[in-house]
Amino acid sequence: MSQSVDHVALLPLYLAAGTAVLAFLADLFIARRAAVLATTWLGTLATAVSALAVGAHAGTFCTQGACSWVPTWPAAVTAALFAALTAGVLAFSAPALRVGFAPAGEFCFLLACSMTGGVVVAYAGDLISLIVGLETLTLPLYVLVGLRRPATAVAASASLTFFLISVVSTAIALLGIALNYAATGAVHLALLTAPSPSFRAVSEVGVALLVTGLAFKVAAVPLHAWAPATYDGAPIPIAAYLSTASKLGGILALAAVVTHLEARAILAILAVLTMTIGNVVALRQTRMIRLLAWSSIAQAGYILAALALGSPGVPAALAYAVFFITLEFLAFGVVVALCPPGASAGPITDFRGAGRRSPWLGAALVLSFAGLAGLPPGLAGLFAKLSVVDALIAHHWSWLAAVVVLNAVIALAYYVRVSALLYTLPPRIGLSVADPVLLDAALHPRLPITRPVAAALALTAALAVILGFAPQLLLNALT
């Protein structure tokens, strides 16, 4: 291994880890919520700026021409995205932290630690760094899912479910890495080659186990059942982070694996099962967060469909991931704004008429749902689906493209249903109040939107619109 360490290449990692340390020290010595939040926000901004400033750079921790830390433009963009998602979750959490929903110091420290893991995943050049980054990304979330005052049985159950299934998936992934190392003698991604015929069976089993273990991070079938229960039991901002940042880590890991190892067959099977089960089960959901959870499972299936192509499908998969994460984060942000600080989202019917009470929030949620469905005005989601379908057809996987299109049609049912509910008035039957508009205002009063939440929503919506009108900016950055 080379003796020199390029500290410039490691600058995003230093700043991400430093953010966690500074958040801890700010809570310890200043003990003011505003100071802790400001410190963490500045750290996330510094991490994002440093990642984009370093950009493509020479790797470090290298041996035999392969590096464990590989700064590329896709890595820089995704590292900045991890930082932006962390800043957004902090903004969504600010109202709840203000009312004592959770201790601000522990919350910010754990969230910054998770961001550090995401940065490691973005730059990882070997399988060991990849797993370490994924675990650093995931471990703090076990606590954040259940970190609320007062403690509830639902939150504890969600946290325990998440922990148990994550441990099993990590063990499966590590076993896959061990078998692949036995077959190829390499852990660096750049050194992974096809094994000799005598070790081919061992390598195939190792790849299958590794992909299955990593599928947990994107909530893909068969390791998907944890997601709805965990999202629904977690605080809404943490559910947003699980559905976006945590999922992005799994997508990056799978993209790194399929670029160098043959996993097309298993990924094609996982893609079909994931998108189909996700959409079909989403049709029957009655709670908003569970609907978003099953929707995100289906969206992961579309990404897996692109990854099933191997290296040629990685750009389309990463582009879809960024489009999806932007729209999904916007949807969770609107749900945060429509609910009291620290409260759960509740049934979908609680959002009846929300678009009439809060026109801008209703418009943002419709934009998100339209994009996730692949319909105008959600042009970002439309371009995302077109990029996946186009890649599949170009590489003669028309059957899988047809499955993607069919599932997109199925998904229209629940996206349109919820969007229409936002502008539906309550029924008159059996009600003593003659005017349904006044009744709706009395039952569901309009809640004030704090500045951090409004700013995060405005920036996310603006990004969704920009990506919809200029998707090539993202595609160029990822290639």
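Now for a description of the structure that goes with this document. Only a predicted model underlies this, so the values are computations on that prediction, with no experimental measurement involved.

Criteria and cut-off values
- The residue numbering used here restarts from 1 in each chain and proceeds along that chain's sequence as written.
- With pLDDT at 70 or above as the cut-off, local features in this predicted model cover only qualifying residues; side-chain atom pairs require 80 or more to be listed or tallied, and sums for whole chains, interfaces and linings still use all residues.
- Values shown for side chains rest on all heavy atoms present in the structure; no hydrogens or waters enter the calculation.
- Patch criteria: residues need more than 30% relative accessible area and no salt bridge. Like-charged residues are merged within 9 Å; nonpolar side chains of Val, Leu, Ile, Met, Phe, Trp and Tyr are merged within 5 Å.
- Accessible surface is estimated by sampling points in the Shrake-Rupley manner with a 1.4 Å probe; for residues, cover comes only from the protein chains shown.
- Salt-bridge detection follows one rule: a side-chain nitrogen of Lys or Arg within 4 Å of a carboxyl oxygen of Asp or Glu.
- Helical segments are the DSSP runs of H or I of at least four residues, strand segments are the runs of E of at least two, and each set is numbered from the N terminus.
- Think of it in three bands: residues with accessible area under 20% of the maximum for their type are buried, residues over 50% are exposed, and the middle band is partly exposed, with areas taken using a 1.4 Å probe on protein chains only.
- Stacked, tilted and edge-to-face pairs are distinguished by plane angle, under 30 degrees for stacked and over 60 for edge-to-face with tilted covering the rest, among Phe, Tyr and Trp rings (Trp via its six-membered ring) whose centres lie within 6.5 Å.
- Cysteine sulfur atoms that pair up within 2.5 Å are treated as a disulfide.

## A short note on a nonpolar patch on the surface
Consideration 1: A cluster of nonpolar residues, V21, L22, F24, L25, L28, F29 and I30, forms a patch on the protein surface that exposes about 700 Å² of accessible area.
Consideration 2: Within the secondary structure, L25 sits in helix α1 (residues 11-29).
Consideration 3: Assessed through its relative accessible area of 33%, L25 is described here as partly exposed.

## Concerning the pattern of salt bridges
Consideration 1: The tally for this structure, following the rule as stated, stands at four salt bridges.
Consideration 2: Across the pair K217 and E135 runs a salt bridge, and its minimum N-O distance is 3.4 Å. Highlighted residues: K217 in the loop between α7 (200-215) and α8 (226-233) and E135 in helix α5 (residues 127-146), separated in sequence by 82 residues. In this pair, the class of K217 matches that of E135, namely buried.
Consideration 3: Linking E262 and R264 is a salt bridge whose minimum nitrogen-to-oxygen distance equals 3.0 Å.
Consideration 4: E262 gets classed as exposed once you look at its relative accessible area, which sits at 51%.

## Digging into unusual backbone geometry
Consideration 1: Between V221 and P222 the backbone carries a cis peptide bond, its omega angle lying at 10°.
Consideration 2: At H396, a residue that is not glycine, the phi angle is positive and equals roughly 65°.
Consideration 3: With respect to the secondary-structure elements, H396 resides in the loop between α15 (379-394) and α16 (398-421).
Consideration 4: Exposure remark for H396: the relative accessible area of 71% places this residue in the exposed category.

## Digging into the packing of aromatic side chains
Consideration 1: In total, this model carries 13 aromatic pairs according to the counting rule given.
Consideration 2: An angle of 55° between the planes, with centres 5.7 Å apart, marks the rings of F24 and F109 as tilted. One end of the pair, F24, is in helix α1; the other, F109, is in helix α4 (residues 104-123), with 85 residues separating them in the sequence.
Consideration 3: Note on F109: relative accessible area 29%, which makes it partly exposed.

## Details of the state of the cysteines
Consideration 1: All chains considered together, the criterion is met by one disulfide.
Consideration 2: The residue that forms a disulfide with C62 is C67, at a sulfur-sulfur distance of 1.9 Å. Here the S-S torsion is close to 95°, and the disulfide linking C62 with C67 is therefore right-handed.
Consideration 3: Of all cysteine sulfurs in the structure, the one in C113 sits closest to C108, which takes part in no disulfide; the separation is 11 Å.

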